[in-house]
Amino acid sequence: MKTFLIHSSISFLGAYQFFKLSDLLPYNATTAAGVFLVILVVLWLTSPLYHRAYFRKLPKVLNFVLFFLKEVVVANLKIAYDIITPKYMMKPAVLALPLDVKEDLDITLLACMISLTPGSLTLDVREDKKVLYVHTLYVENDDLDKLKRLIKNGFERRILELTT
């Protein structure tokens, strides 16, 4: 993670200097993002020379971000559909999710991802850090086990891939 922040900072400063010292490209959001991404990709491609794990984890980070964005869009559409239609489809429940993640940072990241997804909210973590309590608005057919599997195979699995 430190390497990514360093690379992002270098890319930002590089893009800033590129447009400050050069008139090759017009300065707008598209070209600035393009220059930033080119510098970031070059740094990423050279990272196996000094930090091998970073080279392997960056695609996993992008996969995690895309998965999270997909979950947010799907949850927003589900809630919007429920609001627009006259039938009430919400079936709220509180579930106790057993955790495979052990570190405080991992638990916090999982709790934030769940809370940022519309229709779900993290309530608490048990003191022994083995159970996360989650409130959700949609439980299909009162199947809490299915919802637990979705969270564990979605968010938690991807967090474990990133942190181990």
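The rules we used
Residues numbered from 1 in each chain as written. Predicted model: local features only at pLDDT ≥ 70, side-chain atom pairs only at ≥ 80, totals over all residues. Heavy atoms only, no water. Helix = DSSP H or I, 4+ residues; strand = E, 2+ residues; numbered from the N terminus. Expected span 1.5 Å × (residues − 1). Buried < 20%, exposed > 50% of the residue type's maximum accessible area, 1.4 Å probe, protein only. Pairing = 2+ DSSP bridges. Axes fitted to C-alpha atoms, helices over the stretch in contact; angles between N-to-C directions. Contact = heavy atoms within 4.5 Å. Phe/Tyr/Trp six-rings, centres within 6.5 Å; stacked < 30°, edge-to-face > 60°. Lys NZ or Arg CZ within 6 Å of the ring centre and 35° of its normal. Core = buried A, V, L, I, M, F, W, Y, C linked by side-chain atoms within 4.5 Å. Parallel < 35°, antiparallel > 145°, perpendicular 65-115°, else oblique. Left-handed = near helix turned anticlockwise from the far one by under 90°. Nonpolar A, V, L, I, M, F, W, Y, C, P; charged D, E, K, R; others polar. Polar contact = N/O pair within 3.5 Å; in protein donor to acceptor, adjacent residues only side chain to side chain. Salt bridge = Lys/Arg side-chain N within 4 Å of Asp/Glu carboxyl O.

Trainee: Help me understand helix 2 (residues 29-46), please; the structure alone is not making it clear to me.
Mentor: What sets the pattern is the α-helix's 3.6 residues per turn: residues three or four places apart point alike. Taking 1.5 Å of rise per residue, the 18 residues of helix 2 would be expected to cover 26 Å, and the 26 Å separating its terminal C-alpha atoms lies within 8% of that figure. Buried within helix 2 are the following residues: Thr31, Ala32, Val35, Leu40, Leu43 and Trp44.

Trainee: Any chance you could explain the sheet that holds strand 3 (residues 131-136) here in plain terms?
Mentor: Strand pairing in a sheet is mediated by backbone hydrogen bonds. Such pairs are either parallel or antiparallel. The strand order 1-3-2 describes an open sheet built from three strands, whose pairing is antiparallel. The two strands at the open ends of the sheet, each matched to only one other strand, are strand 1 (93-98) and strand 2 (120-125). Between one strand axis and the next, the sheet turns by 30° as a mean value, whatever way the strands run. Of the strand pairs in this sheet, strand 2 and strand 3 are connected by five bridges, and their pairing is antiparallel. In the strand pairing of strand 3, threonine 122 is matched with valine 134. Helix 4 (residues 104-116) contacts strand 2 and strand 3 of the sheet and is inclined by roughly 150° relative to strand 2. Packing against the sheet, helix 5 (residues 144-163) makes contact with strand 1 and strand 3, and its axis sits at approximately 50° to strand 1.

Trainee: Would you mind going over the packing of aromatic side chains with me for this structure?
Mentor: Centre-to-centre distance and the angle between the planes together describe a pair of aromatic rings. Under the definition given, this model contains four aromatic pairs. Pairing phenylalanine 67 with phenylalanine 155 gives two aromatic rings, centres 5.4 Å apart and planes at 75°, and the pair type is edge-to-face. Of the two residues, phenylalanine 67 sits in helix 3 (residues 52-84) while phenylalanine 155 sits in helix 5, which places them 88 residues apart along the sequence. These aromatic residues form a ring-pair network of at least three members: Phe18, Phe19 and Tyr27. Residue placement shows arginine 158 over the ring face of phenylalanine 67; its charged tip is 3.9 Å from the ring centre.

Trainee: So what exactly am I meant to see when it comes to the nonpolar core here?
Mentor: The nonpolar side chains of a soluble globular protein tend to be buried, and buried together. Formed by 22 residues in total, the largest nonpolar core has its most connected members in Leu99, Leu110, Ile114, Leu132 and Phe155. Among the elements of the structure, helix 3, strand 1, helix 4, strand 3 and helix 5 are those that each provide at least two residues to this core. Here leucine 110 is in contact with Leu99, Val101, Leu132, Ile151, Phe155, Glu156 and Ile159, once residues within four sequence places are set aside.

Trainee: Can you help me understand the packing of helix 4 against helix 5 in this one?
Mentor: A pair of packed helices is characterised by two quantities: the angle between their axes and the separation of those axes. Two elements in contact, helix 4 and helix 5, have axes separated by 10 Å at closest approach and are oriented at 140°. On the basis of their axis angle, the class for helix 4 and helix 5 is oblique. In terms of crossing hand, the pair formed by helix 4 and helix 5 is right-handed. Contacts from Asp106, Leu109, Leu110, Met113 and Ile114 in helix 4 reach Ile151, Phe155, Glu156, Ile159 and Thr163 in helix 5. Of the residues assigned to the contact of helix 4 with helix 5, the class counts are seven nonpolar, one polar and two charged.

Trainee: Help me out: how do you make sense of the side chain of threonine 136 in this one?
Mentor: In this fold, threonine 136 is placed in strand 3. Polar side-chain contacts of threonine 136 include one of 3.5 Å to the backbone oxygen of glycine 119. Beyond its immediate stretch of four places on either side in the chain, threonine 136 contacts Lys91, Pro92, Ala93, Leu95, Gly119, Ser120 and Leu147.

Trainee: Teacher, can you tell me more about the pattern of salt bridges here?
Mentor: Pairs can form between side chains of opposite charge once their charged atoms are near each other. All chains considered together, the criterion is met by seven salt bridges. A salt bridge links aspartate 104 to lysine 129; its shortest N-O distance comes to 2.5 Å. Within this pair, whereas aspartate 104 is found in helix 4, its partner lysine 129 is found in the loop between strand 2 and strand 3, the two being separated by 25 residues in sequence. On the basis of relative accessible area, aspartate 104 is assigned to the partly exposed category, the value being 44%.

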